Amino acid sequence: MPVGPQGSPDQPTTALVRDSSLLDALVAGVADKAIASQMGLRRRTVQRRIQSLMTRAGAGTRMQLAWQAARRGWL
């Protein structure tokens, strides 16, 4: 994992650690509704978390998010 100050784009934060299972499911192609059910969340919460991760990664699509997450060591 790249070395940098806490909170830099390549360093995991508490939010990224919390969302690692969400990213794993997203990369595996699991639907939002199924992710929500597995994680005990509402579908809209899952969608908001994915959108937040996309913004953080500078990704315009979920495919780009998966690529950036792998590239940054988030998976």
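Everything numeric here is computed off the predicted structure, so don't read it as measured data. (Residues numbered from 1 in each chain as written. Predicted model: local features only at pLDDT ≥ 70, side-chain atom pairs only at ≥ 80, totals over all residues. Heavy atoms only, no water.)

Participant: Account for the overall build of the chain, with residues named and values stated.
Facilitator: Scanning the chain from terminus to terminus reveals five helices and zero strands. Mapped in sequence order, the helices and strands of the chain form the string α-α-α-α-α. Scored against the burial criterion, the 75 residues of the chain give a buried share of 35%. Put simply, 42% of the contacts in the chain that link residues at least 6 apart link residues at least 24 apart. As displayed, the chain offers around 4700 Å² of accessible surface, 54% of which is attributable to carbon and sulfur atoms. (Helix = DSSP H or I, 4+ residues; strand = E, 2+ residues; numbered from the N terminus. Buried < 20%, exposed > 50% of the residue type's maximum accessible area, 1.4 Å probe, protein only. Contact = heavy atoms within 4.5 Å. Areas by Shrake-Rupley, 256 points an atom, 1.4 Å probe, with all protein chains shown as cover.)

Participant: Just give me the short version of the packing of helix 3 (residues 32-39) against helix 4 (residues 43-57), but keep the residues and values in it.
Facilitator: Packing of helix 3 against helix 4 leaves a shortest axis separation of 8 Å and a crossing angle of 105°. Judged on the interaxial angle alone, helix 4 and helix 3 are roughly perpendicular. Of the residues in helix 4, those touching helix 3 at Asp32, Lys33, Ile35, Ala36 and Met39 are Arg43, Val46, Gln47, Arg49 and Ile50. Taken together, the residues of the contact of helix 3 with helix 4 break down into five nonpolar, one polar and four charged. (Axes fitted to C-alpha atoms, helices over the stretch in contact; angles between N-to-C directions. Parallel < 35°, antiparallel > 145°, perpendicular 65-115°, else oblique. Nonpolar A, V, L, I, M, F, W, Y, C, P; charged D, E, K, R; others polar.)

Participant: Give me the lowdown on the nonpolar core, citing residues and values where you can.
Facilitator: Leu22, Leu23, Val46, Ile50 and Leu65 are the most contacted members of the largest nonpolar core, which totals 15 residues. Per-element tally for this core: the top contributor is helix 4, with five residues. With sequence-adjacent residues up to four places away left out, Leu65 is seen in contact with Leu23, Leu26, Ile50, Leu53, Met54, Ala57 and Ala59. (Core = buried A, V, L, I, M, F, W, Y, C linked by side-chain atoms within 4.5 Å.)

Participant: An account of helix 3 is requested, with residue identities and associated values reported.
Facilitator: Asp32, Ile35 and Ala36 are the residues of helix 3 that are buried. Projected down its long axis, helix 3 shows its buried positions confined to an angular sector of 100°, all on one face. In helix 3, those exposed residues whose orientation departs by more than 90 degrees from the buried face are Lys33, Ser37 and Gln38. Packed against the buried residues of helix 3 are helix 2 (20-27), helix 4 and helix 5 (62-72). Where helix 3 terminates, the next one or two residues include Gly40, which has phi positive at roughly 70°. (Arc of directions from axis to C-beta.)

Participant: Before we move on, could you go through helix 4 and cite the residues and values that matter?
Facilitator: The end-to-end C-alpha distance of helix 4, which contains 15 residues, comes to 21 Å, matching closely the 21 Å that a straight helix rising 1.5 Å per residue would cover. By the burial criterion, the buried members of helix 4 are Thr45, Val46, Arg49, Ile50, Leu53, Met54 and Ala57. (Expected span 1.5 Å × (residues − 1).)

Participant: So what about the environment of Gln68? Which residues, and what values?
Facilitator: By secondary structure assignment, the location of Gln68 is in helix 5. When the C-alpha positions of Gln68 and Arg56 are compared, they lie 9.9 Å apart, and in sequence the two are twelve residues distant.

That is the geometry; function is a separate question.
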